[in-house]
Amino acid sequence: MRIWCCLCFGEEEDNKNCYKSMRDPILGNNDEELPDENPAFDWRRVFDGGDVAAPLRPHAGAAGHVGVWRNNEIDFDINWFSSELEVRNENYTGERMLNVNLNLGLSGEASSSTVQKEDSDRDTSSKRPKVNSFSLDWDNHLLQETDYLCPMNEGGGDASLSNLLGAADDQGKDTKMEDLDVRMDLTDDLLHMVFSFLDHMDLCQAASVCRQWRAASSHEDFWRYLNFENKQISSNQFEDMCRRYPNATTINLHGTPNIHPLAMKAVSSLRNLEALTLGRGQLGETFFQALTDCHVLKSLTINDATLGNGIQEIPIYHDSLRLLQLVKCRVLRVSIRCPQLETLSLKRSSMPHAVLNCPLLHDLDIASCHKLSDAAIRSAATACPLLEALDMSNCSCVSDETLRDIAQTCGNLRVLDASYCPNISLESVRLVMLTVLKLHSCEGITSASMAAIAHSYMLEVLELDNCSLLTSVSLDLPRLQNIRLVHCRKFIDLNLHSGMLSSITVSNCPLLQRINITSSALKKLVLQKQESLTTIALQCPNLLEVDLTECESLTNSICEVFSDGGGCPVLKSLVLDNCESLTLAAFCSTSLVSLSLAGCRALISLQLRCPYLEQVSLDGCDHLEVASFCPVGLRSLNLGICPKMNVLHIEAPQMASLELKGCGVLSEASINCPLLTSFD
Amino acid sequence: MASTTETKQKKMLILKSADNDEFEIEESVGVQSETIKNLVEDGFTFVPLPNVYTKALIKIIDYLKKHANKTDSNDEEIKTFDKDFVNTTFDDLFELVSAANYLHISCLMNMLCQTIADRIKDKSPEAVRKIFHINCDYTPEEEAKIRKANAQAFEGQFDESLD
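Criteria and thresholds
- Residues numbered from 1 in each chain as written.
- Chains lettered and ligands numbered in written order.
- Predicted model: local features only at pLDDT ≥ 70, side-chain atom pairs only at ≥ 80, totals over all residues.
- Heavy atoms only, no water.
- Pairing = 2+ DSSP bridges.
- Helix = DSSP H or I, 4+ residues; strand = E, 2+ residues; numbered from the N terminus.
- Axes fitted to C-alpha atoms, helices over the stretch in contact; angles between N-to-C directions.
- Buried < 20%, exposed > 50% of the residue type's maximum accessible area, 1.4 Å probe, protein only.
- Salt bridge = Lys/Arg side-chain N within 4 Å of Asp/Glu carboxyl O.
- Contact = heavy atoms within 4.5 Å.
- Expected span 1.5 Å × (residues − 1).
- Arc of directions from axis to C-beta.

Novice: Let's hear about the sheet that holds strand 22 (residues 545-547) of chain A: which residues, and what values?
Specialist: Residues and elements named next belong to chain A. Read from one edge of the open sheet, 5 strands run 20-22-23-25-27, paired in parallel fashion. For this open sheet the edge positions go to strand 20 (524-526) and strand 27 (615-617), each flanked by a neighbour on one side alone. For this sheet the average axis-to-axis angle between neighbouring strands, irrespective of direction, equals 0 degrees.

Structure representation (structure tokens):
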């Protein structure tokens, strides 16, 4: 009967808790009168009976004194009573138990002293939340408890009780014990909240504290995801877990010994399984047959496993599967028929054959499936008309013909990664919806391929790293935002027109000579160490920063590009460090704020007409002979580092400090700096 | 204590703790507690809190005041405050968490539960029992069994300290 009561109450616990907390503040005054009237505090009456169940009935009626509770079901009172018992349980050994016994006993004897009355008031109010504190193990537990308690109660008359009171007071523990009761009120609700912040290891550890904690820590909410990754779990242990948590939705068995029987167990016993991760080992064909019975499975990931005996065809037929990953699996042939499948990865798997029947698939990853033939790739991809993303990198046998078929059937293809596919040239491939195209290390990609790319007028990202035969790129794509050209050994000419281009990554293209960029979105252009670069043409109305460090072939004409009228009307920062071919630099710009010419050793003449220029770096320009700063916005200037300075004109209305120490051969100087305060 | 003019402008509430101390706070501060909010909506301006003792109530009012003035700019300040707030003894934490639970202040509840969880994480069962004043109700055989089951899982050393 008691178990039933507890269980029954458990389901209603939230409502009641709520109810109680709503009422308590209003009923606060009533509570104080309770202990005097409430026979529940007379423990002896309850325990002396010996039979636990028997006194419960009358008591249940008696506890109805508790105002509002009267209206509730009787179970509630029974539990309230049993929760009072728990206080004893927690303190039953030695002195503690005596102490608690005492408090409770005395409060039952009406208010003999005011102090004790207060104590009992406290007890009542503090214990009331304890209504929720019980565990399913309780029943069993209670019986043991009563055995302990009965003799105590029989032996303890009034006289011995007062003796005990004295003893407790002497040790000064009395008040502490009461506080303790308050603190102990981590009810199951609170415990549940605290436990929700613990991981599985911590929960297991918490279970070894006591029975209440074990019950709280094994709540299903915490055990929906069972992660056994790399754990040495045995079949029996796993079976036990499946039995304890039949509503688990996510299981990870990657790296466990003997995955096949565990996986079979999981699919057969967990009806709510939604996601399963397996790996390392061998999975028999029977697993894939059993899979069909796992009706709500949505995600299956198998990593680094041998499927079947390695030579048979593995059928994966499932009606609700949305995501399937067979990564690095050893298998000869897979046949996948999953009408709801949206994402499929066969990455690094070894099968030479794959048959797909997945009409809703939109994401297919067959990267590094080395053995997959051109024809197999074609038939797999063209079976998925809604495909939006295709990763076929490292599928070295893919041909242009396959790409043409894919382009025709998969009209929605937006993302294509065909990196390391040496045979493709994109000849007459029309991928009109494409937004991302990655073609790293494709030796078939040449300047002629750009004609095909030009048809992808939606293209936003283009990556052409390591395309070693590519010599020129000339594209006019209105949406292009991001282009990469790294390590293109024969690349000479870049010509881009795109209103949205915002990122250009060009590096290690040793032959690159000409760059022509038209973009209204570009804000920063970095082209370091392009040692053949000679010509730059920019029409970038929003370009703010340019860094051309170590472009050693740049000639004097570059200065026109960055002067007024050169196509960069708002350029603020220009770095031309170590451009050693520059001899005459002349900038006339109303936007330039910072200019660096450090390490331009060949520079002889510098003419700046940049009224807002605030920073200039001329470190290492030790051949500079003629310099004209008319006008500049500089506040300070040190030309002591230019020992060959001969002719100097400065017109700097803001200049406060000028240093010419070390310019020993200066023969002509005109300095117009009205605010100059320091001159060396 | 707010001056009379301010009292007129801002609605005030009186909270009464379990030890009969009374506290006056602005309504806007108090209603962060669901329990108080419900009472305020029913027209109460005097709120007895028979389950919350003065000591915890003072801390909680501090917290509510701090969090009532939350803006983007004092985000760091509140974080520091919260950190100090939970940097206290277990016993204080338990009292606070019971009070916060009773008052239904969910952000405070989360913070306190997270703190308690973090602090018991690496403790041995014995230390946890002492902290929570729990007597082990397992039989020695049961405990040995649980220990054995957990033995595989725990290789690390437990923290035996009680704070």
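From this point on, the discussion continues.
Novice: Tell me about the pairing of strand 2 (residues 22-26) of chain B, and please be specific about residues and values.
Specialist: Residues and elements named next belong to chain B. Burial of the side chains of strand 2 is restricted to one face: F23 and I25 are buried, whereas none of E22, E24 and E26 on the reverse face is. In terms of strand pairing, strand 1 (residues 12-16) meets strand 2 through 5 bridges, oriented antiparallel. Bridged to L13 within strand 2 is I25. Taking the residues between adjacent antiparallel strands as the criterion, strand 1 and strand 2 are bridged by 5 residues, where N20 takes a positive phi near 65 degrees.

Novice: Tell me about the pattern of salt bridges, and name the residues and values.
Specialist: Counted by the stated rule, this structure contains 20 salt bridges over all chains. R378(A) is the partner of D374(A) in a salt bridge, and the nearest nitrogen-oxygen pair spans 3.5 Å. With D374(A) and R378(A) both in helix 17 (residues 374-382) and 4 residues apart, the pair spans about one turn of that helix. In this structure D374(A) comes out as buried when scored by relative accessible area, which is 16%. Notably, a salt bridge pairs E27(B) with K11(B), separated by 3.2 Å at the nearest N-O pair. Linking E27(B) in helix 2 (residues 27-30) with K11(B) in the loop between helix 1 (4-9) and strand 1, this pair joins segments that are 16 residues apart in sequence. The network of salt bridges with common partners includes D374(A), R378(A), E401(A) and D405(A).

Novice: If you had to explain the side chain of S563(A) to someone new, which residues and values would you point to?
Specialist: Residues and elements named next belong to chain A. Assignment of secondary structure puts S563 in the loop between helix 20 (558-561) and strand 23 (573-575). For S563, a relative accessible area of 10% translates into the label buried. Aside from chain neighbours lying at most four places away, what touches S563 is A586, F587, C588 and S589.

Novice: So what's going on with helix 5 (residues 75-86) of chain B? Which residues, and what values?
Specialist: All names here are of chain B. The terminal C-alpha atoms of helix 5, which comprises 12 residues, lie 17 Å apart, in line with the 16 Å expected from a rise of 1.5 Å per residue. Turning to helix 5, its buried residues number three or more, namely I78, F81, D82, F85 and V86. Projection of helix 5 onto a plane perpendicular to its axis shows the buried side chains occupying an angular sector of 120 degrees, all on one side. Exposed side chains of helix 5 directed beyond 90 degrees from the buried face belong to E76, K79, K83 and D84. As for helix 5, its buried residues are in contact with helix 4 (54-68), helix 6 (90-103) and helix 7 (106-120).

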